[in-house]
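# Geometric and topological summary
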Amino acid sequence: MSRIILSIAVCFVLGVPIGADFPGDPKPCKYGESDCIVKLVNELISSKASQGDRALNLVKLDPLPVAKMNIKQGADSPVNIDLTFTDNNVYGISTMKIRKVKGFGKSIDKKHELLLNAATLTLAGPYKITGKVLILPISGSGESNMTLVNCDMIVSFTGKPVEKDGETYMEATNLKLSTKPERLYYLFSNLFNGDKALGDNMNTFLNDNWEAIFLEVQQSMQTAFAEIFQAIITNVFSKYPYAKFFEE
Ligand SMILES: *[C@@H]1O[C@H](CO)[C@@H](O)[C@H](O)[C@H]1NC(C)=O
C-alpha cells in the first residue's frame, strides 16, 4: 500500500584493489574478514562515489539520480499523502562510513550485512504532494529538500548463487534497509500554490513533527531505496565470479 522514498543510499562495492586492475592477485581481503572489508569499502566510497567505476559496474553514487519515487499512504495512516518525486538526486552517499560488516564469507547463500553511518543525506528535486499530514491538509508542487543528519543504517541481504558459464556469481536478494536519523529537515517550496504564509507554516509544522512523520513514511521509503541498493550491489557482483573478490 505504500511505496517509497528517502534516504539512503548505499553503495556497496566490494573487492577492488585500489589503484590496481581488478580482479588482481592478491585480493585485498580474505573471505569474511570484517575489518579489512570495512576499510576497503570505505576507501571505495570516498574514492569512487562521485564518479562511479566502470571496471566495477559501479554507478555514480553521489549524487545518485532517482528518476521517480512515489509514496502513497492510505487513509489508515495519520500521514495520508500521495507524494511524488520526479528527477530527484540523493546527495551525500560519499559521506557514508561503514562501521561493520557481517557475512561475505565463502558461502554466498547467507545473510550479508553492512552497518553504516551517513553524516548527511539529502533527497532534493521536484515534488508534487496532496493529502493530509496529521490532520492538516497539504498540497503543492515545486522543489523539495529532505535532509537526514547523522543517520545510522543497516543494509542486509541474502546472497543467491547464480551459475554462469561454469562460474558462480552472487546476486543480492531480499535486501532490507533500516535507517535511524538523529534529525530530519523538510523543505517544500511553493506549497499551496505559492501562498507563502501557509507554506511557511506547513514547513514549520513538518519540522516540528519530523519524527512522527518520518516514522509513518519510513517503511515505504526504505522499501523504495532497498530496490535501488539491491540493484547496485547485484550489479557490482555480476562483474566477476564471487571467488574473484576474496582471498581464501
Ligand atoms: C538541502 O538542505 C540542506 C539544509 O537542510 C542544505 O544544507 C543543502 O545544501 C540542501 N541541498 C540542496 C541540494 O538543495
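Whatever comes next refers back to the structure up there.
Described below are features of the structure shown in this document. (Residues numbered from 1 in each chain as written. Predicted model: local features only at pLDDT ≥ 70, side-chain atom pairs only at ≥ 80, totals over all residues. Heavy atoms only, no water.)

## Side note on the overall build of the chain
Defined as follows: Helical segments are the DSSP runs of H or I of at least four residues, strand segments are the runs of E of at least two, and each set is numbered from the N terminus. Contact definition: two residues touch when any of their heavy atoms are within 4.5 Å. Per-residue and other accessible areas follow the Shrake-Rupley method at a 1.4 Å probe size, with only the shown protein chains counted as cover for residues.
Tallying secondary structure elements over the chain gives 3 helices and 6 strands in all. Reading the chain from its N terminus to its C terminus gives the helix and strand order α-β-β-β-β-β-β-α-α. Nonlocal contacts in the chain, meaning residues at least 24 apart in sequence, comprise 73% of its contacts between residues at least 6 apart. Surface summary for the chain: the accessible area is close to 11600 Å², and the carbon and sulfur share equals 51%.

## What to know about the site of the ligand
So the rule is basically this: Nearness is defined per residue: one heavy atom within 4 Å of the molecule or strand is enough. Within 3.5 Å is the distance limit for a polar contact, defined as a pair of N or O atoms, with the added protein rule that one can donate a hydrogen and the other accept it, and that residues adjacent in sequence qualify only through two side-chain atoms. Only Asp, Glu, Lys and Arg are considered charged in this grouping, and only Ala, Val, Leu, Ile, Met, Phe, Trp, Tyr, Cys and Pro are considered nonpolar; every other residue, Gly among them, is considered polar.
Around the ligand, a shell composed of Tyr91, Thr122, Ala124, Asn145 and Thr147 is seen. Asparagine 145 is positioned with one of its side-chain polar atoms (N or O) 2.3 Å from an oxygen atom of the ligand. Within the complex, the protein chains bury 39% of what would otherwise be the 370 Å² of accessible surface of the ligand. Put simply, the parts of the chain that give the shell around the ligand at least two residues each are strand 4 (111-133) and strand 5 (136-164). Considered class by class, the residues forming the shell around the ligand number 2 nonpolar, 3 polar and no charged.

## Thoughts on empty space enclosed by the protein
Just so we agree on the cut-off: Two kinds of site are reported from a 1 Å grid over the protein atoms alone, namely cavities, where a 1.4 Å probe fits but cannot get out, and pockets, open sets with protein on both sides within 12 Å along at least five of seven lines, and residues are called lining when an atom falls within 4 Å of a point. Grid points are joined across faces, edges and corners, and a volume is the space filled by probe spheres set on the points.
This model, assessed by the stated rule, comprises 1 cavity of 30 Å³ or more. When its volume is computed, the largest cavity comes out at roughly 120 Å³. For the largest cavity, the lining is made up of 14 residues, of which Ile81, Leu83, Tyr186, Phe188 and Ile213 are closest to its centre. Elements represented by at least two residues in the lining of the largest cavity include exactly strand 2 (79-91), strand 4, strand 5, strand 6 (167-188) and helix 3 (210-237).

## Notes on the packing of aromatic side chains
Keep this limit in mind: Side-chain rings of Phe, Tyr and Trp, where Trp is taken by its six-membered ring, are said to pair if the distance between their centres is within 6.5 Å; with planes under 30 degrees apart they count as stacked, over 60 as edge-to-face, and otherwise as tilted. Three labels apply to residues, based on accessible area from a 1.4 Å probe with only protein chains included: buried if under 20% of the type maximum, exposed if over 50%, partly exposed otherwise in between.
Evaluated as defined, the whole model comprises 11 aromatic pairs. Ring geometry for tyrosine 127 against phenylalanine 188: centres 4.9 Å apart, planes inclined by 75°, an arrangement best described as edge-to-face. Residue tyrosine 127 is located in strand 4, and its partner phenylalanine 188 is located in strand 6; the two are separated by 61 residues in the primary sequence. A relative accessible area of 4% places phenylalanine 188 in the buried class. With centroids separated by 6.1 Å and ring planes inclined at 40°, the aromatic side chains of phenylalanine 237 and tyrosine 242 adopt a geometry described as tilted.

## What to know about the pattern of salt bridges
What counts, and what does not: Any carboxyl oxygen of Asp or Glu within 4 Å of a side-chain nitrogen of Lys or Arg constitutes a salt bridge here.
Under the counting rule described, the total for this entry stands at 8 salt bridges. Put simply, aspartate 82 and lysine 72 hold a salt bridge, and the shortest N to O gap is 3.8 Å. With aspartate 82 in strand 2 and lysine 72 in strand 1 (residues 64-72), the pair connects residues that are 10 residues apart, well separated along the chain. On the accessibility criterion, aspartate 82 (27% relative accessible area) is partly exposed. Relative accessible area serves as the criterion here: at 44%, lysine 72 is assigned to the partly exposed category. The partner of lysine 111 in a salt bridge is glutamate 113, with the nearest N and O atoms 3.5 Å apart. Classification of lysine 111 as exposed rests on a relative accessible area of 53%. The network of salt bridges with shared partners includes Lys102, Lys111 and Glu113.

## Quick word on unusual backbone geometry
Between aspartate 62 and proline 63 the backbone carries a cis peptide bond, its omega angle lying at 0°. Of note, proline 63 is situated in the loop between helix 1 (34-48) and strand 1. Although it is not a glycine, aspartate 87 adopts a positive phi angle of roughly 50°. Relative to the elements of secondary structure, aspartate 87 occurs in strand 2.

## Focus: the environment of isoleucine 108
Structurally, the position occupied by isoleucine 108 is in the loop between strand 3 (96-102) and strand 4. Note: C-alpha distance between isoleucine 108 and glycine 159 (51 residues apart in sequence) is 5.1 Å. Dropping the residues within four chain positions of it, isoleucine 108 is found in contact with Gly159, Lys160, Pro161, Thr168, Tyr169, Met170 and Tyr242.

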